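Architecture at a glance
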Number of protein chains: 2
Amino acid sequence: MVKYLTQSDAINIDNELFEKYKFSIVQLMELAGQSCAIAIKKCYPLVANNKNNILVCCGPGNNGGDGLVCARHLKLFEYSPVLYYPKITNNAIHKNLLHQCIQNEIPILESVTQIKNVNEYKLIVDALFGFSFKPPVKAEFVPIIDILKKSSIPICSIDIPSGWDVENGALEEGGIKPEMLISLTAPKLCAYKFKGIHHYLGGRFVPKKLELSYELKLPKYPGTELVIKL
Amino acid sequence: MVKYLTQSDAINIDNELFEKYKFSIVQLMELAGQSCAIAIKKCYPLVANNKNNILVCCGPGNNGGDGLVCARHLKLFEYSPVLYYPKITNNAIHKNLLHQCIQNEIPILESVTQIKNVNEYKLIVDALFGFSFKPPVKAEFVPIIDILKKSSIPICSIDIPSGWDVENGALEEGGIKPEMLISLTAPKLCAYKFKGIHHYLGGRFVPKKLELSYELKLPKYPGTELVIKL
């Protein structure tokens, strides 16, 4: 059985990938975001009636970066993603990823008031906070988390359902309830509390040596698949 | 019908991807190399008898970088790649990609004499020179090109069969004869002269706007496929 990670293990593995294995952030973000788009297409396929619009909510950190990449690949897969990206991160990686979205003609919303009717979307992708999140949710993100909590549209969370404690899950009854969770690299402990329908693992880039040293016991991805259902 | 590119169009498109669309080299190299590994797995599947070793020959430029990424993904797909990388490129991107191969326990050969018996491989991946190649082949690469020319092992060329003129194909009767060609972004004119069995297109990252401005008429990748047979 695949190991579910503590927050500190998740942080250590991430650091090792960059420091010891010399991956670049943009390289792993590309693979992570791409795997999310692939998993989403498996669970929420394109439909003929044009309701293929997906709201991708991106936070300021690396989870948001995964979301920016995911949105671009969703566009390549012929969905109509719309980004909600309220706090544009001031570094070259995020600015370039945003630019790539704009050049791929993905609309960008910077304020919750621009979201208008959330029910018009087929799916909401939650890429607000990742495995380094510590509660509480900062004031500026409370409105979008409230929208996600109240929405009846299915939510797909990338790595961590936003606002959840990385190890203990939803902190209060009213936490968001994603229908889909895509764990990256390996699931985090909060994934035991996930009660949705679709749990996928993405990020087929973990070196065997790293897998063994953390006893991750990753499932065997079949063939050239880049995601696997858990 | 997909457009076959001149050398200058290929160079201009590459420049636009970096300058106008703000992709980073490492980001597109990751997608390109990954797509090559996926296409190879489709054409040369794993076999039970352990003959899954692939010699991946990498040159000093970006084509070689694609090869380094391809080798790592082949390893993740459970092949046994061996790198032939005679001229280690002295920049952070290539050094990191090489380091990732080493950490993934891929053996590295730096001299042709270390190749010994080329017939022990199932496949040779040719990632020596790409679309910016101008003949003649530099002296230090003549021995490996000679090995590729004489080998009876199938060769898979990434983007351009090495030593071929990018527009006119093999310059002399004795040019290498790949069995597989994986064109990246769009085929180059020399691909008209390809007489092998498998011609694939990889690199599903081209923004629609770029595709339209160069009238690339790319084929429609089905579903979440990252490669397509031409």
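Once a new chain begins, its residue numbering starts again from 1 and follows that chain's sequence as written. By the order in which they are written, chains take letters starting at A while ligands take numbers starting at 1. In keeping with the predicted nature of the model, local features appear solely for residues at pLDDT of at least 70, side-chain atom pairs appear and are counted solely at 80 or more, and the whole-chain, interface and lining totals rest on all residues. Side-chain descriptors were evaluated using all non-hydrogen atoms of the structure, hydrogens and water having been removed beforehand.

Brief notes about the overall build of chain A
Starting at the N terminus, helices and strands are each numbered in turn, a helix being any DSSP run of H or I of at least four residues and a strand any DSSP run of E of at least two. Secondary structure summary: chain A contains six helices and eight strands in total. Along the chain direction, N to C, the helices and strands of chain A fall in the order α-α-β-α-β-α-β-β-α-β-β-β-α-β. Overall, the C-alpha framework of chain A stretches about 45 × 35 × 35 Å when taken along its three principal axes. Note on exposure labels: buried denotes an accessible area under 20% of the residue type's maximum, exposed denotes more than 50%, and partly exposed covers the range between, all computed with a 1.4 Å probe on protein chains only. Taken over 230 residues, chain A has a buried fraction of 58%. Summed over all atoms, the accessible surface of chain A reaches about 9,200 Å², with 54% contributed by carbon and sulfur. Accessible surface area values rest on a Shrake-Rupley calculation with a 1.4 Å probe, where residue burial reflects the displayed protein chains alone.

What about the sheet that holds strand S2 (residues 80–84) of chain A?
Strands belonging to one sheet form pairs held by backbone hydrogen bonds; the direction of such a pair is parallel or antiparallel. Residues and elements named next belong to chain A. One open sheet accounts for eight strands, arranged S3-S2-S1-S4-S5-S6-S7-S8; its pairing is mixed. What marks the edges here is a single partner per strand, and that holds for strand S3 (108–109) and strand S8 (227–229). Any pair of residues with heavy atoms lying within 4.5 Å of one another is described as a contacting pair. Here an axis means a line fitted to C-alpha atoms, over the contact stretch when the element is a helix, while the angle between two N-to-C directions is reported on a 0 to 180 degree scale. Each of strand S1 (53–58), S2, strand S4 (123–127), strand S5 (155–158) and strand S6 (180–184) touches helix H3 (residues 62–76); the most contacted strand, S1, lies at about 160 degrees to it. Paired strands are those between which DSSP finds at least two bridges.

Focus: helix H4 (residues 92–103) of chain B
By this rule the span expected of a helix is its residue count minus one, scaled by 1.5 Å. Here H4(B) contains 12 residues, and its C-alpha end-to-end distance of 16 Å stays within 8% of the 16 Å for a straight helix at 1.5 Å per residue. Buried within H4(B) are the following residues: His94(B), Leu97(B), Leu98(B), Gln100(B), Cys101(B) and Gln103(B). Looking at the buried positions of H4(B), the neighbouring elements they touch are helix H2 (25–43) and helix H6 (208–213) of chain A together with helix H2 (25–43), helix H3 (62–76), strand S2 (80–84) and strand S3 (108–109) of chain B. Looking at the residues trailing H4(B), positive phi occurs at Glu105(B), about 60 degrees.

Some thoughts on the pattern of salt bridges
Whenever Lys or Arg places a side-chain nitrogen within 4 Å of a carboxyl oxygen from Asp or Glu, that contact is recorded as a salt bridge. Inspection of every chain in the model, using the stated rule, returns 14 salt bridges over all chains. We note a salt bridge from Lys220(B) to Glu78(A), for which the minimum N-O separation is 2.8 Å. With Lys220(B) in the loop between helix H6 (208–213) and strand S8 (227–229) and Glu78(A) in the loop between H3 and S2, this residue pair bridges two chains. Lys220(B) gets classed as exposed once you look at its relative accessible area, which sits at 60%.

Focus: the relation of the copies chain A and chain B
Least-squares superposition of the copies uses the C-alpha atoms of those residues scoring a pLDDT of at least 70 in each of them. The two copies are related by a screw motion: chain A maps onto chain B through a turn of 180 degrees and a shift of 0.0 Å along the axis, at an RMSD of 0.0 Å. Classification of the inter-copy transformation places it as that of a two-fold axis. The position closest to the rotation axis in chain A is occupied by the C-alpha of Gln27(A), lying 2.6 Å away. Take the interface residues of chain A: 100% of them recur as interface residues in chain B, which is what a same-surface contact looks like.

A short note on the sheet that holds S8(B)
Residue and element names in this part refer to chain B. Strand order across the open sheet formed by eight strands is S3-S2-S1-S4-S5-S6-S7-S8, with mixed pairing between neighbours. Each edge of the open sheet carries a strand with a single partner, namely S3 and S8. Pairing of strand S6 (residues 180–184) with strand S7 (residues 198–202), which is carried by five bridges, proceeds in the parallel orientation. Bridging across to S7, Leu184 finds its partner in Gly202.

Focus on the interface of chain A and chain B
In this assembly, 34 residues from chain A lie in contact with 34 residues from chain B. Where chain A abuts chain B, roughly 3,100 Å² becomes buried across the two surfaces, and 54% of that area is made up of carbon and sulfur atoms. Inspection of the region where chain A meets chain B yields two salt bridges. Identification of polar contacts relies on pairs of N or O atoms within 3.5 Å, with a donor-acceptor requirement for protein atoms, meaning one able to donate a hydrogen and the other able to accept it, and with residues adjacent in sequence counted only if both atoms are side-chain atoms. At the junction of chain A and chain B, the tally comes to 15 residue pairs in polar contact (both at pLDDT 80 or more). Secondary-structure elements contributing two or more residues to the side of chain A that touches chain B are H2, H3, helix H4 (92–103) and H6 of chain A. Element by element, the count of residues in the side of chain A that touches chain B is highest for H2(A), at seven residues. Classes in brief: Ala, Val, Leu, Ile, Met, Phe, Trp, Tyr, Cys and Pro nonpolar; Asp, Glu, Lys and Arg charged; the others, Gly included, polar. Taken together, the residues of the side of chain A that touches chain B break down into 12 nonpolar, 11 polar and 11 charged. Summed over both partners, the accessible area lost on bringing two parts together, with a 1.4 Å probe, is the buried area.

Thoughts on the pairing of S5(A)
Residues and elements named next belong to chain A. Of the two faces of S5, the one lined by Ile155 and Ser157 and the one lined by Cys156 and Ile158 are each fully buried. Where S4 and S5 come together, three bridges link them in parallel fashion. Looking at S5, one finds that Asp126 is bridged to Ser157. Handedness of the crossover is the feature at issue here: the chain leaves S4, passes through helix H5 (residues 142–150), returns alongside S5, and the resulting connection is right-handed. Where S5 meets S6, three bridges bridge the pair, whose relative direction is parallel. Bridging across to S6, Ile158 finds its partner in Ile182. The definition of a right-handed crossover adopted here requires that, viewed with the strands pointing away, the path from the first strand over the helix to the second runs clockwise.

Some points on the packing of aromatic side chains
What counts as a ring pair is set by centres within 6.5 Å for rings of Phe, Tyr and Trp (its six-membered ring), and what kind of pair is set by the plane angle: stacked under 30 degrees, edge-to-face over 60, tilted for all other angles. Evaluation of the coordinates by the stated rule reveals six aromatic pairs over all chains. Geometrically, the ring pair formed by Phe129(A) and Phe133(A) is stacked, given 4.8 Å between the ring centres and 15 degrees between the ring planes. On the basis of relative accessible area, Phe129(A) is assigned to the buried category, the value being 10%. Judged by relative accessible area, which is 10%, Phe133(A) ranks as buried. Ring centres of Tyr4(B) and Tyr192(B) lie 4.0 Å apart, and the angle between their planes is 10 degrees; this geometry places the pair in the stacked category. Taken as a pair, Tyr4(B) in the segment before helix H1 (7–19) and Tyr192(B) in the loop between S6 and S7 lie far apart in primary sequence, 188 residues in all. Here Tyr192(B) falls in the exposed class, since its relative accessible area comes to 53%. Pairwise contacts between aromatic rings join Phe129(A), Phe133(A) and Phe141(A) into one cluster.

Here we look at unusual backbone geometry
Between Pro135(A) and Pro136(A) the backbone carries a cis peptide bond, its omega angle lying at 5 degrees. At Thr185(B), a position not held by glycine, the phi torsion is positive, near 70 degrees. Note on placement: Thr185(B) falls in the loop between S6 and S7. Residue classification places Thr185(B) among the buried residues on the basis of a relative accessible area of 12%. Even without being glycine, Lys217(B) reaches a positive phi, approximately 50 degrees. Looking at the element boundaries, Lys217(B) is found in the loop between H6 and S8. The exposure class assigned to Lys217(B) is exposed, which follows from its relative accessible area of 54%.

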